[in-house]
Amino acid sequence: MNLALEPRHWVLLVFVASALYAHFRGRVRFSLVRALLDFTVLIAPVNALIYLFSRTPRSPYLPLRDFPELKVLTDNWQQIREEALRLNDEGFIRAAAGHTDIGFNSFFRTGWKRFYLSWYGQDLESAQRLCPTTVGLLKGIPSVKAAMFASLPPGATLVRHRDPYAGSLRYHLGLATPNDPDCFIEVDGQRYHWRDGEAVMFDETYIHHAANTTQQQRVILFCDVERPLWTAPVRWFNRLFARHVMAAAATQNVPGEPVGALNRFFQGFYAARKKAKDLKARSRTTYYAGKWALILAALWALFW
């Protein structure tokens, strides 16, 4: 009996092994079914490679002393705050117009808002025009790959989730916050509450959620910072992936700015997803039967 696996079977094993590796990293986990069927499985092998070559501690929160280049942001936090609050007062920190922001679409439902400053090599004219000081500071830090101002209004919550891409780490700098433990983020079960002028760095591929149960809005500077990696080839691969895949999720602050290919696709996908949700509301049995039929058909086509 020939027990040798064919190439397509090895591909399946790599995807499953990578997804399981990511699943068991933290203390807080989704169900195993969700871990294996979530869309993040599509880049699980990329993330597994990055985890294996990561130079950072394997912990939810990371020491800022390991990122000295970011100190210029805390040193100038009050100037950054001035630009952020002016944008906030003028209504520029807002939800996406339509379904053009695949990465954060679900957050808008509870009032979360954002204004992009940069996105994986894609400059935004509106950011350079409206907040030149902040954009100038960020341009002087090559490890910052994306940045935005992000608002969490009173009463808002962000459900448990994990970001799909391990090639970056998440940096938050408090600008105008309640300075209260009731406005917090919890990463892999460990809670932190934002404070004005204080920064925090965490690994956003651990499961996390946030809430603001105070009566004051929270505004922060939110950055994706390139994860430090061992060996030049892996660093090169990570940057290549970011430049060609992450950059495709670019979106706009104001009409007329370009929208990346992933977000253009997402607009059409969301229309189909809405029809699926309508079907689920009418008949959960039909919805789940159809969902599993599609999944099994795809697996059969790919691997058998």
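Everything here concerns the structure above.
As the structure is a computational prediction, the values presented were derived from the model and not from experiment.

It is not clear to me how the pattern of salt bridges should be interpreted in this structure. Could you clarify?
Think of it this way: side chains of opposite charge can pair up when their charged atoms draw near. Taken as a whole and judged by the stated rule, the model has 13 salt bridges. With a closest N to O distance of 3.3 Å, Asp123 and Lys139 form a salt bridge. Of this pair, Asp123 sits in strand β3 (residues 122-123) while Lys139 sits in helix α7 (residues 132-139), and the two are 16 residues apart along the sequence. Residue classification places Asp123 among the partly exposed positions, given a relative accessible area of 47%. Across the salt bridge formed by Glu186 and Arg191, the nearest N and O atoms sit 3.0 Å from each other. Residue class for Glu186 comes out buried when judged on its relative accessible area of 17%. It is possible to trace a salt-bridge network through shared partners that takes in Asp163, Arg170, Glu204 and Asp224.

Any chance you could explain α7 here in plain terms?
Two residues of an α-helix separated by three or four positions point the same way, owing to the 3.6 residues in each turn. When we look at burial in α7, the residues that qualify are Thr134, Val135, Leu137 and Leu138. Seen end-on, α7 carries its buried residues on one side only, within an arc spanning 160°.

Is there a simple way to think about unusual backbone geometry in this case?
Across residues other than glycine, the phi torsion is negative in most instances, and most of the peptide bonds are trans. In the Ramachandran plot, Asn179 falls in the positive-phi region, its phi being about 50° despite a non-glycine side chain. Note on placement: Asn179 falls in the loop between β6 (168-176) and β7 (183-187). Although it is not a glycine, Thr231 sits at a positive phi angle of roughly 75°. Considering the arrangement of structural elements, one finds Thr231 in the loop between β11 (218-226) and α8 (232-244). By relative accessible area, Thr231 is classed as partly exposed at 36%.

Would you mind showing me how to read the packing of helix α5 (residues 77-89) against α7 here?
Each pair of packed helices can be summarised by the angle the axes make with each other and by the distance between the axes. Direction vectors running N to C along α5 and α7 enclose 130°, while the axes themselves pass 8 Å from each other. Taken as axis vectors, α5 and α7 run oblique relative to one another. Only Pro132, Thr133, Thr134 and Leu137 of α7 make contact with α5, whose side of the interface consists of Gln79, Ile80 and Glu83. For the contact of α5 with α7, the per-class residue count stands at three nonpolar, three polar and one charged.

Procedures and definitions
Residues numbered from 1 in each chain as written. Predicted model: local features only at pLDDT ≥ 70, side-chain atom pairs only at ≥ 80, totals over all residues. Heavy atoms only, no water. Salt bridge = Lys/Arg side-chain N within 4 Å of Asp/Glu carboxyl O. Helix = DSSP H or I, 4+ residues; strand = E, 2+ residues; numbered from the N terminus. Buried < 20%, exposed > 50% of the residue type's maximum accessible area, 1.4 Å probe, protein only. Arc of directions from axis to C-beta. Axes fitted to C-alpha atoms, helices over the stretch in contact; angles between N-to-C directions. Parallel < 35°, antiparallel > 145°, perpendicular 65-115°, else oblique. Contact = heavy atoms within 4.5 Å. Nonpolar A, V, L, I, M, F, W, Y, C, P; charged D, E, K, R; others polar.

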